[in-house]
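Overview (structure and organization)
Chain by chain, the residues:
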There are 2 protein chains.
Amino acid sequence: MARVETTAEIGEAESSAEVWELFRTLFGQHRRRFLIAAAELDLHPAQAGALLQLDSPLPMTELAVLLACDNSNVTGLIDRLEARGLVARQPSSEDRRVKHVVLTATGRRLRERMLARVGRPTRGFERLSPDEQRQLGDLLRQVIRDDAAA
Amino acid sequence: MARVETTAEIGEAESSAEVWELFRTLFGQHRRRFLIAAAELDLHPAQAGALLQLDSPLPMTELAVLLACDNSNVTGLIDRLEARGLVARQPSSEDRRVKHVVLTATGRRLRERMLARVGRPTRGFERLSPDEQRQLGDLLRQVIRDDAAA
DNA sequence: TATTGTTATACTCTATAACTATA
DNA sequence: TATAGTTATAGAGTATAACAATA
């Protein structure tokens with residue numbers, strides 16, 4: 001394995017733009033894995049995305065926010081998942097306008113198969129030492145926290 | 001701002017699965033930003049994705065690989081981008097079966113507008129100290145390298 | 001009045017299979 | 001024979017606008 005010089009060793013400053021490019025590279029690779037995994041399970045990308053979001057029941061509107069699509073799309077999307085027996089609509093008892101989308105047992109199994117493909121760390125992450133895992137974890141938590149800060 | 005205890009301070013081991021979950025969180029946020037940015041520029045997600053890939057000219061087939069979709073989809077996708085004057089088909093001089101997709105001046109400008117929305121680091125990344133930038137950069141390069149290792 | 005979810009419409013995406021041109 | 005790209009087709013995704021039921 002070739003030794004890779006770090007920016008620290010070279011003495012150059014690492015810009016946030018450079019780090020962002022590395023992230024975009026990983027994003028792209030993950031997106032391709034996601035699309036391939038969805039196709040293997042006969043799910044369209046949006047369907048696979050919805051299934052992954054449904055860790056717990058969600059109102060239609062919240063699903064639309066998470067999928068970053070219009071409310072009206074969710075109706076058809078859930079119609080088709082429902083027709084395949086993967087989800088069910090559960091009217092809310094608090095607000096009769098709201099319907100919660102819930103995974104069926106079949107839906108949960110399919111979600112698990114999807115997670116087996118995209119929910120596990122890649123080799124690159126697994127090969128990090130315990131100390132590096134901790135470093136990376138701390139840095140990512142910091143990024144997520146500061147991204148969320150209004 | 002509340003102080004956040006790190007795993008190091010707590011003394012627990014950080015698993016690669018935990019780190020992967022943090023990455024998936026960031027991936028979801030980035031995907032939503034991407035979809036919103038594409039909609040703002042009147043681009044369908046696949047069109048925006050293609051534009052971003054076209055930093056340099058690419059054969060149709062390679063674009064299909066990068067977009068993780070069937071070859072036949074790229075034909076229609078590029079048809080529509082071409083109809084909007086964003087890209088052009090350039091027959092290869094080496095292999096007359098191959099066509100390279102090239103951005104027009106208009107296409108480049110639109111790509112730049114897209115990059116202005118998703119090609120810049122988020123606040124969380126910008127707020128990392130120079131030392132943290134270097135740490136994160138080194139860790140991500142290591143992950144990308146080991147992911148790529150056959 | 002505002003919000004949740006649906007419907008109707010028009011256009012785009014996506015995979016499959018069959019095809020043409022070139023290698 | 002194999003590969004690059006296209007065409008045709010069918011089903012799904014997507015935004016917009018208009019709508020009913022509920023808040």
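Residues numbered from 1 in each chain as written. Chains lettered and ligands numbered in written order. Predicted model: local features only at pLDDT ≥ 70, side-chain atom pairs only at ≥ 80, totals over all residues. Heavy atoms only, no water.

**Looking at the protein's contact with DNA strand D**
Taken together, 20 residues are adjacent to DNA strand D, and D70(A), N73(A), R80(A), M60(B) and T61(B) come closest. The contact atoms of DNA strand D, taken as those within 4 Å of the protein, divide so that sugar and phosphate hold 67%. S72(A) places a polar side-chain atom, nitrogen or oxygen, 2.7 Å from a base oxygen of DNA strand D. Residue T75(B) places a side-chain N or O atom 2.7 Å away from a phosphate oxygen belonging to DNA strand D. At the level of secondary structure, the elements contributing two or more residues to the surface near DNA strand D comprise α3 (45-53) and α5 (71-83) of chain A together with α4 (60-67) and α5 (71-83) of chain B. With 4 residues, the single largest contributor to the surface near DNA strand D is α5(A). (Near = heavy atom within 4 Å. Polar contact = N/O pair within 3.5 Å; in protein donor to acceptor, adjacent residues only side chain to side chain. Helix = DSSP H or I, 4+ residues; strand = E, 2+ residues; numbered from the N terminus.)

**A look at the interface of chain A and chain B**
Facing 60 residues of chain A, the contacting portion of chain B comprises 60 residues. Where chain A abuts chain B, roughly 6,000 Å² becomes buried across the two surfaces, and 65% of that area is made up of carbon and sulfur atoms. Of all residues in chain A, W20(A), F27(A) and L139(A) bury the most surface against chain B, accounting for 11% of the area lost on that side. Across the contact surface, chain A and chain B share 0 salt bridges. Taken together, the connections running from chain A to chain B amount to 18 residue pairs in polar contact (both at pLDDT 80 or more). Listing elements by their share of the side of chain A that touches chain B, those giving two or more residues are α1 (7-10), α2 (16-40), α3, α4 (60-67), α6 (105-118), α7 (123-126) and α8 (130-148) of chain A. Class assignment of the residues belonging to the side of chain A that touches chain B gives a composition of 28 nonpolar, 15 polar and 17 charged. (Contact = heavy atoms within 4.5 Å. Buried area = accessible area lost by both parts, 1.4 Å probe. Salt bridge = Lys/Arg side-chain N within 4 Å of Asp/Glu carboxyl O. Nonpolar A, V, L, I, M, F, W, Y, C, P; charged D, E, K, R; others polar.)

**Quick notes on the protein's contact with DNA strand C**
Around DNA strand C there are 20 residues in total, and T61(A), D70(B), S72(B), N73(B) and R80(B) lie nearest to it. Each atom of DNA strand C within 4 Å of the protein was classed as base or backbone; sugar and phosphate made up 65%. A distance of 2.8 Å separates a phosphate oxygen of DNA strand C from a polar atom in the side chain of T75(A). N73(B) places a side-chain nitrogen or oxygen 2.6 Å from a phosphate oxygen of DNA strand C. Going through the elements one at a time, α4 and α5 of chain A together with α3 (45-53) and α5 of chain B are the ones with two or more residues in the surface near DNA strand C. Here the surface near DNA strand C gets 4 residues from one element, more than from any other, and that element is α5(B). Its residues placed into classes, the surface near DNA strand C shows 5 nonpolar, 7 polar and 8 charged.

**Topic: the relation of the copies chain A and chain B**
Least-squares fitting of chain A to chain B yields an RMSD of 0.0 Å, with the superposition described by an axial translation of 0.0 Å and a rotation of 180°. With respect to symmetry, the two chain copies, as superposed, fit the operation of a two-fold axis. A share of 100% of interface residues in chain A that are also interface residues in chain B marks the association as one of identical surfaces. (Least-squares fit on C-alpha atoms with pLDDT ≥ 70 in both.)

**Description of the sheet that holds strand β3 (residues 99-103) of chain B**
Residues and elements named next belong to chain B. Spatial strand order, β1-β3-β2: 3 strands in an open sheet with antiparallel pairing. In the strand order of this sheet, the two ends are held by β1 (58-59) and β2 (87-91), each with one partner. Of the strand pairs in this sheet, β2 and β3 are connected by 5 bridges, and their pairing is antiparallel. Counterpart to V87 in the pairing with β3 is L103. (Pairing = 2+ DSSP bridges.)

**Quick word on the packing of α3(B) against α5(B)**
A packed helix pair is summarised by two numbers, namely the angle formed by the two axes and the spacing between the axes. Residues and elements named next belong to chain B. It is at 11 Å that the axes of α3 and α5 come closest, and there the two elements cross at 80°. One way to sum up the angle between α3 and α5 is to call them roughly perpendicular. Facing α3, whose interface residues are A46, Q47, A50 and L51, α5 presents L77, R80 and L81. Each residue belonging to the contact of α3 with α5 can be placed in one class, and the counts come to 5 nonpolar, 1 polar and 1 charged. (Axes fitted to C-alpha atoms, helices over the stretch in contact; angles between N-to-C directions. Parallel < 35°, antiparallel > 145°, perpendicular 65-115°, else oblique.)

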